[in-house]
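Residue-level structural notes
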Amino acid sequence: MPLRVLKKKPVHLACVPQYITPAPMNILIAPDKFKDALPAAAVADALRAGLARSLPGAKITCCPLADGGEGTLEVLHTVLGGEWITATVSDPLGRPVAATYLWWPETQTAVIEMARASGLELLSPSERNCLITSSYGTGELIRHALDRGMRELVLTVGGTATHDGGTGMGAALGYTFYDAHGHLLTPAGHNLGQITRIGLESRHPGLADLRVTVATDVTAPLCGPAGAAYLYAPQKGAPPEALPMLDAGLRHLGAYWRHHQGTDLQQLPGSGAGGGMGGGAVCLLGAHIRSAADWILEVCDLHALLTTADLLITGEGKIDDQSLQGKLLSRLLALARDTHTPAILVCGTLDADDALLLHPAVQYAVSILNRPLSLPEALTQTRPLLIRQGMLLGRWLQATAHQP
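Conventions adopted
Residues numbered from 1 in each chain as written. Predicted model: local features only at pLDDT ≥ 70, side-chain atom pairs only at ≥ 80, totals over all residues. Heavy atoms only, no water. Helix = DSSP H or I, 4+ residues; strand = E, 2+ residues; numbered from the N terminus. Rg over C-alpha atoms; globule rule 2.2 N^0.38 Å. Buried < 20%, exposed > 50% of the residue type's maximum accessible area, 1.4 Å probe, protein only. Contact = heavy atoms within 4.5 Å. Areas by Shrake-Rupley, 256 points an atom, 1.4 Å probe, with all protein chains shown as cover. Pairing = 2+ DSSP bridges. Axes fitted to C-alpha atoms, helices over the stretch in contact; angles between N-to-C directions. Polar contact = N/O pair within 3.5 Å; in protein donor to acceptor, adjacent residues only side chain to side chain. Expected span 1.5 Å × (residues − 1). Patch = residues over 30% accessible without salt bridge, like charges linked within 9 Å, V, L, I, M, F, W, Y side chains within 5 Å. Salt bridge = Lys/Arg side-chain N within 4 Å of Asp/Glu carboxyl O. Lys, Arg positive; Asp, Glu negative; His and termini not counted. Charge placed at Lys NZ, Arg CZ, Asp CG, Glu CD.

**Let's talk about the overall build of the protein chain**
Each helix and strand counted, the protein chain has 14 helices and 15 strands in total. For 404 residues, the compact-globule estimate of 2.2 N^0.38 gives 22 Å, and the protein chain sits close to it at 23 Å. Dimensions of the protein chain along its principal axes, counting C-alpha atoms only, are 80 × 50 × 40 Å. By the burial criterion, 54% of the 404 residues in the protein chain qualify as buried. Across the protein chain, every contact between residues at least 6 apart in sequence was considered, and the portion connecting residues at least 24 apart equals 71%. For the protein chain, the computed accessible surface area is about 16900 Å², with 54% contributed by carbon and sulfur atoms.

**Observations concerning the pairing of strand β9 (residues 211-215)**
Counting buried residues in β9 gives four out of five residues, a clear majority hidden from the surface. Bridge count between strand β6 (residues 152-156) and β9: five bridges; the pairing is parallel. Bridged to Leu153 within β9 is Val212. Sheet topology note: the β9/strand β10 (residues 288-290) ladder contains three bridges and is parallel. By the bridge assignment, Val214 is partnered in β10 with Ile289.

**Looking at the side chain of Glu316**
Assignment of secondary structure puts Glu316 in the loop between β11 (311-314) and β12 (318-320). Setting aside its immediate chain neighbours within four residues, Glu316 contacts Asp32, Lys33, Phe34, Ser323, Leu329, Val346, Cys347 and Gly348.

**Side note on the sheet that holds strand β2 (residues 59-62)**
Reading across from one edge, β2-β1-β11-β13-β15 is the order of the five strands in this open sheet, with parallel pairing throughout. Taken across any chain shown, the strands that pair with only one partner, and hence form the sheet edges, are β2 and β15 (362-367). The mean inter-strand angle of the sheet, taken between neighbouring strand axes irrespective of direction, is 20 degrees. With five bridges joining them, strand β13 (residues 343-347) and β15 adopt parallel strand pairing.

**Examining the side chain of His359**
Mapped onto the secondary structure, His359 falls in the loop between α12 (353-358) and β15. Within the local environment of His359, its side chain forms a polar contact with the backbone nitrogen of Ala361, the two atoms lying 3.1 Å apart. Residues contacting His359, with those up to four places away along its chain left out, are Leu333 and Ala334.

**Things to note about helix α14 (residues 382-400)**
Relative to the 27 Å expected for 19 residues at 1.5 Å per residue, α14 spans 27 Å between its end C-alpha atoms, a close match to the ideal helical length. Among all positions of α14, only Thr382, Leu385, Leu386, Ile387, Gln389, Gly390, Leu393, Gly394, Leu397 and Thr400 are buried. For α14, the elements touching its buried residues are β1 (26-29), α1 (40-54), β11, β13, β15 and α13 (375-380).

**Side note on a negative patch on the surface**
On the surface, a cluster of negative charge is contributed by Asp321, Asp351, Asp353 and Asp354. With respect to the helices and strands, Asp353 occurs in helix α12. The exposure class assigned to Asp353 is partly exposed, which follows from its relative accessible area of 44%.

**Thoughts on the pattern of salt bridges**
If you walk through the whole model with that rule in mind, you get 15 salt bridges. Residues Glu74 and Arg116 are paired through a salt bridge, measuring 2.8 Å at the closest nitrogen-oxygen approach. On the criterion of sequence distance, the pair formed by Glu74 in helix α2 (residues 72-80) and Arg116 in helix α3 (residues 114-118) is long-range, its members being 42 residues apart. Judged by relative accessible area, which is 38%, Glu74 ranks as partly exposed.

Set out below in structure tokens:
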């Protein structure tokens, strides 16, 4: 795909410009993380270092991004500040783990990343089993913030190891779950189908005035073929034969909430996020669900940054067709289209050529790999490869300034 640098003016973006203008001098670098290799801030810094070597006259602004999963709190802290608060809570298997969240005392607001307490990365591959894992630790983080006087909560639900419909979180906040015989149930995926009563008597008093937003770009419903069990439980250690039972458990829980609250979670996109945490937070915490990507882009004021940029450089570890289907990258490219800002995509694995060619904002897309590498080699070489790619892009952009 030839490199095309657009003039920063309104154009008919469905058309492909056939001219090249002088290299842009105001460059915005706004990548997501390269998963398992580098966080977003390190990706942006490496690209900046490479560009600065070959394009020293450019003004380069870095704005690392996140999608509501790992790294979200670091991005928010960079943009908004806030206090890091640490609490010892339960990991998905009930073991103690130190987990952090962000806190703004002036507004009594917390942002809690579910993965910090209930994340898949807290467990070894052999420990992953979402039939028994619990989101209890996430509830403990929420309780910790409530005890500090929290009035507003943003809960991100990416990268979780659990499939308990948020019941573990609820248990930590004082909800109780009973079977048909009145026996207290341990909140876990394998018990969801047995819940016949949920007790509210001991729930944390701070929940009454708490405003809650669940930030996720997972649009899966609670259950069914495209729901939490069949879509995500296998990567959390669920064997194929357990998927019907896990799906039935969330279906049963959804029916309970529909009967007792009138809330039809199956019609709510994102209710299946976080192993049903999206729906659980709606019913247990009164939450509403919104796009994590849109939220992050608003917090970082990407529209304003793109308005003054001549070029956007963005990317993530793997770019494929899913990257352009409602996730962070697609939302960012939509903003780039609206602000007439040409975009260059940089990634580790590039597997979406046809879709990218059709996007009006994308001018060029490239993988940083310069030779065949095994995955472990590629992960360890990510920073120098990004620096190299940044330097090459800078030389390329510099060369366009001398073309007619």
